[in-house]
Amino acid sequence: MYITVWNENVGQDCEAVRAAYPETLHGAIADAVRGKDATVTTVTLDMPEQGLTNALLEKTDVLVWWAHAAHDQVSDELVAKIRERVLRGMGVVFLHSAHLAKPFQALTGTSNTLCWREAGERERLWTIDPAHPIAKDIPSCTVIEHEEMYGEPFDIPTPDETVFIGWFQGGNVFRSGVTYKRGRGKVFYFQPGHESHPTYRQPEIKKILYNAVRWAYNPNIEQNAPSCPNIATPDEKL
C-alpha cells in the first residue's frame, strides 16, 4: 500500500504549531498511518506541481489530505485529477478543515459548510458504529481535552455511514467521522485535528487514522474511470 500525506503547510511555521507538532503536522499524520504494510510519503502545497505529480498520484493507493487556509490555491486541474483517481479506486481521507478542500467539495457536490468556534474546548468523540473497520479497537468514547469546535448544521450529502459523533463542551454536536463511496473509491472525512492542538499524537486518534487508510485501500485500482460502454446485442437472450 502506498500512502501519500498531503499538507498545505501554510501558516504552520509558528510557535503554537511547533509546540503541538515538533516533527511537523504532516510528519505526525504520517507517523499515525505508517505500518509494515505501507510506504508513506509526505508532500506540501509549495512543492512542484503542488506536491502531487502525475507519477506520485498515479501510484498513490490512499491520499490523506490536511488543509485549512489555502484551499483556493489548489488548482482546478489537480482537483480534477484527484477526483478521477478516486473514481478509479484510490481511497482518500480528508482531515479537519479539509471539509472545505476543493477535492472534497468535488466529490460531495455540496458546500460542506459548518458552524465552528476556536475555543480549545473538550470534545467527547463517540463511536456510534463500533462494528465498522475504522472503529476497530476504538473505545466507545474518546476524550480530546482541547479541540476546535465544529458543529451542525454540516452541509454534506447524507453519509453512507456515520462512524463517530463529536460532542463539545459548549454543547454542540457534529458528525465527526463519515464515509462515502465514489465510483470505485472510498472517502472518509474525520473532524478532529486543529493544528495548534496535539490531537494527532493522541493514541486513539492515531489508531483511527491507521484504521481509516486501511479501510480506504483498494488493491485493484482501475486504469480508467467508470464509463458507459456500448454493449453488443447478445446472440441469444437469457
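Higher on the page you've got the structure.
Just so we're clear, the structure is a prediction, and the values are computed from it rather than from any experiment.

(A) Up close: the overall build of the protein chain. Within the protein chain, the secondary structure is distributed over 6 helices and 9 strands. Taken against the 2.2 N^0.38 rule, which gives 18 Å for 238 residues, the C-alpha radius of gyration of the protein chain at 18 Å falls within 12% of a compact globule. Dimensions of the protein chain, computed from C-alpha atoms along their principal axes, come out at roughly 65 × 40 × 35 Å. Buried positions account for 50% of the 238 residues belonging to the protein chain. Counted over contacts in the protein chain with a minimum sequence separation of 6, partners at least 24 positions apart contribute 73%. A total of about 11,100 Å² of accessible surface is found on the protein chain, and carbon and sulfur atoms cover 51% of it. Across the protein chain, 23 positive and 31 negative side-chain charges occur, with their mean positions spaced 5 Å apart.

(B) Broad picture of the sheet that holds strand 7 (residues 161-168). Ordered in space as 2-1-3-4-9-8-7-5-6, the 9 strands form an open sheet in which the pairing is mixed. Edge positions in the sheet fall to strand 2 (39-44) and strand 6 (141-151), since each has one partner strand and no second. Mean inter-strand twist for the sheet, computed between neighbouring axes without regard to direction, equals 25 degrees. Alignment of strand 1 (residues 2-7) against strand 3 (residues 62-66), held across 5 bridges, turns out to be parallel. Residue pairing in the sheet places Asn 7 in a bridge with Trp 66 of strand 3. Helix 2 (residues 25-33) contacts strand 1, strand 2, strand 3 and strand 4 (91-95) of the sheet and is inclined by roughly 155 degrees relative to strand 1.

(C) Region of the structure containing the side chain of Asn 211. Considering the arrangement of structural elements, one finds Asn 211 in helix 6 (residues 203-216). According to the relative accessible area criterion, Asn 211 is buried, its value standing at 6%. At a separation of 3.1 Å, a polar atom in the side chain of Asn 211 contacts the main-chain carbonyl oxygen of Ile 134. Sequence-distant contacts of Asn 211, that is, excluding residues within four places in its chain, are made with Pro 133, Ile 134, Ala 135, Lys 136 and Ile 138.

(D) Fine view of the pattern of salt bridges. Counting across every chain of the model gives 13 salt bridges. Close ionic contact of Asp 37 with Arg 214 constitutes a salt bridge, the shortest N to O distance being 2.8 Å. A residue pair is termed long-range when its members are at least 10 positions apart, and Asp 37 in the loop between helix 2 and strand 2 and Arg 214 in helix 6 qualify at 177 residues. The partly exposed category is assigned to Asp 37, whose relative accessible area is 37%. Residues joined in a network through salt bridges with shared partners are Glu 58, Glu 84, Arg 85 and Arg 88.

Conventions adopted
- For every chain, the first residue of the written sequence is number 1, and numbering continues from 1 along that sequence.
- Only residues with pLDDT of at least 70 get local features here, since the model is predicted, and only at 80 or more are side-chain atom pairs given and counted; chain-wide, interface and lining totals rely on the full set of residues.
- Each side-chain value is derived from all of the structure's non-hydrogen atoms; neither hydrogens nor water enter the calculation.
- For helices the rule is a DSSP run of H or I covering at least 4 residues; for strands it is a run of E covering at least 2, with both sets numbered from the N terminus onward.
- Atoms considered for the radius of gyration are the C-alpha atoms alone. The globule rule reads 2.2 Å times the number of residues to the power 0.38.
- Note on classification: 1.4 Å probe, protein chains only; a residue is buried when its accessible area is under 20% of the maximum for its type, exposed when over 50%, partly exposed between these limits.
- The contact criterion used is simple: two residues touch if any of their non-hydrogen atoms lie within 4.5 Å.
- In these tables, accessible area is a Shrake-Rupley quantity obtained with a 1.4 Å probe, and a residue counts as shielded only by the protein chains included in the view.
- For the charge count, each Lys or Arg is scored as positive and each Asp or Glu as negative, with His and the chain ends excluded.
- Lysine's charge is taken at NZ, arginine's at CZ, aspartate's at CG and glutamate's at CD.
- In this analysis, strands are considered paired if DSSP registers two or more bridges between them.
- Note on method: axes are straight lines fitted to C-alpha atoms, helices fitted across the in-contact stretch only, with angles between N-to-C directions ranging 0 to 180 degrees.
- Here a polar contact is recorded for every N or O atom pair within 3.5 Å, except that within protein the pair must consist of a potential hydrogen donor and a potential acceptor, and residues adjacent in sequence are included only if both atoms are side-chain atoms.
- A carboxyl oxygen of Asp or Glu within 4 Å of a side-chain nitrogen of Lys or Arg is what we treat as a salt bridge.

Interpretation in functional terms is not warranted from these geometric data alone.
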